[in-house]
Amino acid sequence: MSLSPLTVAKFGGTSVADHQAMLRCAHIIKNDPSNKLVVVSASSGVTNLLVRLSQKNVPEHEQTDIITNIRAIQLNITQHLAQEQMLNDQIAELLQQLSEFSNAQSLNYCPRISDAILSFGEQMSSRIFAQVLQSVGVNGEMFDVRQVMKTNAQYGKAVVDLEQLSAHAKQSLTPLLADKVVVTQGFIGQDEDAYTTTLGRGGSDYSAALLAEALHADNLSIWTDVVGIFTTDPRITDQARAIKEISFGEAAEMATFGAKILHPATLIPAMRQNIPVFVGSSKEPEKGGTRIQQFVESSPIYRSIALRREQTLVTVKSPAMLHASGFLAQVFGILAKHELSVDLITTSEISVALTFDNPTGSTQALLNSTVVEELEQLCEVTVEHGLSLVAVIGNKMHRSNGVGTSIFETISGINVRMICHGASEHNLCFLVDEKQANETVEKLHTALFA
Ligand code: ADP
Ligand code: ASP
Ligand code: MG
C-alpha cells in the first residue's frame, strides 16, 4: 500500500460550469499531488435540465430543446481542448442514449428511467474534466463510479452498499491511483440489476465522502463557489462570514438543517473514519476555507444559522390521547406505511406536532390526501404548508443560560410556530412563515454574530 497521502477532491456544478472554471480546478489538482481522486458534479445547470427531462409528459419539442441546451453547455467546454473531436463523439453518443431514455420516459413514465436520465450530467462532465487535466499535464483518467458505487434500487434516493463499495474500491480503484489522477462521477450509482441510480440532489458531496471512506483517504476537499462554510448562507445576508474551523458535530448539524453547502449525509462517512474535511472556493483557492474536524480550538455557543425551506407541519389532536397509550404508535404506523419520515416532533397533553421535509413535492401531495384521511380516523388533523425551519447551531446550547431569551427576544415581532430545543446540544430550531424566513435569519445573524 502506498504511504503517500491521499486526498479526495470534489468539485461542484459551478466549479465545472465552463472551461475557465474547469481549468482552475485542474490547477488545484496539479498543485497538490495528494489529490489523486477527483469527484465531479454535472456542469452547472445540467442536472436541472435533466430533472425536467425526467418528468412525465414532457412535449417532444421541449425534449429536443433541453438536449440541444445540454449539448451547447458541454461543447462550449470541449472546443478549448485538444481532444475536442474524441470528446464530442463521446458526448454525441451519450446524448443519443439520453434521447432514447427521454422518449421512453414520455411514452411510459418510470422512476428507474428518471435516474438513468439524471446521470448524464456527471457522465459528461467527468469525461471532459479528465481531458482538462491532461491539458495541464496531469495524467487524468475517467473512471465509471458505477463499478464501485453499488446501491439498492430506491431510485432518486438510492442507499449505498458500504461493504461492496469498500471491496470494489480496493480492487478496481486503488491500483489506478498509483500512477493516475482518477476522475469519477458524484451523485450516481448502480443497483444489482445494473440499472443506474442516483443518491439524491446535491449527492456528489456524499459520493466523495463515501469514496474517501472506502479508500481510507487522509483528506476530503469540497471545492465549491464560496470560500468555506459561513455563519449563514451568504446569499441571505452579506454580513455572513467564513468560519475557519468547525467540529464534525456542528457542521453535520448545519448540513442536516439545510445549509446547502454540504449534502446532509456528507459528514457521516468522514466522521466514521475521522477524515478531516476542507471546504473552499475553486475560484479563490488562495483564500483558504473551512476545516471540519473532530476537535477544534473554540466551541462558541452560537456558530451559525441554517435555513430549510418548504417544510410542512402536521398537527394531530385527540382528547383520547390524554393518559392513553398507543395513540402515537398508531399515528407513526400510518406514516411508516406511507414511507413518510418525520423530522421534528413536539407534543402536548392532547396534541402532537410533526414536521416533514419536502424536497420534491411528493410529501406535500401525500399529506394532502391519503395520509390525512387515515389520520382523521384517529384524530383531528391540521396541515400547514409554506413554512421554513430556522436552526441556530452551536455548542452546549441546552445547558447555556439565556439562549432561548436571546433568540426569541430578537425576533419578537415574528410569529414562531413549533420550537424544538434540548434534544441536541448543537441546535435550537423553530418554524416560521416562509415569507418571514430571510428576515428572521437576518435579525438573528445581526444579534448573535455582529
Ligand atoms: P456545489 O454546486 O459546489 O455543490 P452548492 O450550490 O450545492 O454548491 O452549495 C454552495 C452554496 O451553498 C453557496 O453558494 C451558498 O449559497 C449555499 N450555502 C448555504 N448555507 C451556507 C453556509 N452556511 N455557508 C456557505 N454557503 C452556504
Ligand atoms: N448534479 C447533482 C445535482 O445537481 C449532484 C450534485 O451536484 O451534487 O443535484
Ligand atoms: Mg452541492
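Above this text you will find the structure in question.
Bear in mind that the values here come from a model prediction, so they are computed numbers and not experimental data.

**So, the overall build of the protein chain**
For the protein chain, the count of helices and strands is 15 helices and 16 strands. Taking 2.2 N^0.38 as the reference for a compact globule, 450 residues should give roughly 22 Å; the C-alpha atoms of the protein chain span a radius of gyration of 23 Å, in line with that estimate. Each principal axis of the C-alpha distribution contributes one length, and for the protein chain these read about 70 × 55 × 40 Å. Relative to its full complement of 450 residues, the protein chain shows a buried share of 52%. A sequence separation of at least 24 residues applies to 76% of the contacts in the protein chain between residues at least 6 apart. With an accessible surface of roughly 20200 Å², the protein chain has 50% of that area assigned to carbon and sulfur atoms. Both charge centroids of the protein chain, one from 33 positive and one from 47 negative side chains, sit 4 Å from each other.

**With respect to the sheet that holds strand 3 (residues 140-143)**
One open sheet holds the eight strands; their spatial order is 3-4-2-1-7-9-10-8, and the pairing between them is mixed. Each edge of the sheet is formed by a strand with only one pairing partner; in this case those strands are strand 3 and strand 8 (245-247). Between one strand and the next, the sheet's axes are offset by a mean angle of 25°, whatever the strand orientation. Looking at chain direction, strand 1 (residues 7-11) and strand 2 (residues 35-40) are connected through five bridges and run parallel. For Ala 9, the partnering residue across the bridge sits in strand 2 and is Val 38. Along the sheet face, helix 1 (residues 19-31) touches strand 1, strand 2, strand 4 (181-185) and strand 7 (219-224) and points at about 175° away from the line of strand 1.

**What about the site of ligand 1?**
In the vicinity of ligand 1 there are 17 residues, among which Thr 224, Asp 225, Phe 230, Asp 233 and Arg 235 approach most closely. The contact in question runs from an oxygen atom of ligand 1 to an N or O atom on the side chain of Asp 225, over 2.9 Å. Measuring from an oxygen atom of ligand 1, one finds a side-chain N or O atom of Asp 233 at 2.8 Å. For ligand 1, whose free accessible area comes to 580 Å², the fraction covered by protein is 91%.

**Brief notes about the site of ligand 2**
Every residue lining ligand 2 is accounted for by Ser 41, Ala 42, Thr 47, Glu 122, Phe 187, Arg 201, Gly 202, Gly 203 and Ser 204. In this structure, a nitrogen atom belonging to ligand 2 sits 2.8 Å away from a side-chain N or O atom of Thr 47. Measuring from an oxygen atom of ligand 2, one finds a backbone N or O atom of Ser 204 at 3.0 Å. The fraction of the free accessible surface of ligand 2 (260 Å²) that becomes covered by protein chains is 87%.

**Remarks on the packing of helix 2 (residues 46-53) against helix 3 (residues 60-78)**
Where helix 2 meets helix 3, the closest approach of the two axes is 10 Å, and the angle between their N-to-C directions is 165°. When the interaxial angle is binned, helix 2 and helix 3 end up roughly antiparallel. The hand of the helix 2/helix 3 crossing is left-handed. Residues Val 46, Leu 49, Leu 50, Arg 52 and Leu 53 of helix 2 pack against Glu 62, Gln 63, Ile 66, Ile 67, Asn 69, Ile 70, Ile 73 and Gln 74 of helix 3. Here the contact of helix 2 with helix 3 is composed, by residue class, of eight nonpolar, three polar and two charged.

**Concerning the nonpolar core**
The biggest cluster of nonpolar side chains holds 105 residues, and the ones touching the most others in it are Phe 11, Phe 129 and Ile 292. Counting residues in each nonpolar core, the second largest holds 19 residues, with Leu 428, Ala 437, Val 441 and Phe 449 among its members.

**Section: the pairing of strand 2**
Looking along a regular strand, one sees side chains alternate from face to face of the sheet. Taking burial as the measure, the six residues of strand 2 include six buried ones, the bulk of the element. The parallel pair strand 1 and strand 2, bridged by helix 1, forms a crossover whose chirality is right-handed.

**Brief notes about unusual backbone geometry**
The phi angle at Asn 274 is positive, at roughly 50°, despite the residue not being glycine. With respect to the element layout, Asn 274 can be found in the loop between helix 10 (267-272) and strand 9 (277-281).

So, how was this worked out
- Residues numbered from 1 in each chain as written.
- Chains lettered and ligands numbered in written order.
- Predicted model: local features only at pLDDT ≥ 70, side-chain atom pairs only at ≥ 80, totals over all residues.
- Heavy atoms only, no water.
- Helix = DSSP H or I, 4+ residues; strand = E, 2+ residues; numbered from the N terminus.
- Rg over C-alpha atoms; globule rule 2.2 N^0.38 Å.
- Buried < 20%, exposed > 50% of the residue type's maximum accessible area, 1.4 Å probe, protein only.
- Contact = heavy atoms within 4.5 Å.
- Areas by Shrake-Rupley, 256 points an atom, 1.4 Å probe, with all protein chains shown as cover.
- Lys, Arg positive; Asp, Glu negative; His and termini not counted.
- Charge placed at Lys NZ, Arg CZ, Asp CG, Glu CD.
- Pairing = 2+ DSSP bridges.
- Axes fitted to C-alpha atoms, helices over the stretch in contact; angles between N-to-C directions.
- Near = heavy atom within 4 Å.
- Polar contact = N/O pair within 3.5 Å; in protein donor to acceptor, adjacent residues only side chain to side chain.
- Parallel < 35°, antiparallel > 145°, perpendicular 65-115°, else oblique.
- Left-handed = near helix turned anticlockwise from the far one by under 90°.
- Nonpolar A, V, L, I, M, F, W, Y, C, P; charged D, E, K, R; others polar.
- Core = buried A, V, L, I, M, F, W, Y, C linked by side-chain atoms within 4.5 Å.
- Right-handed = clockwise from strand over helix to strand, strands pointing away.

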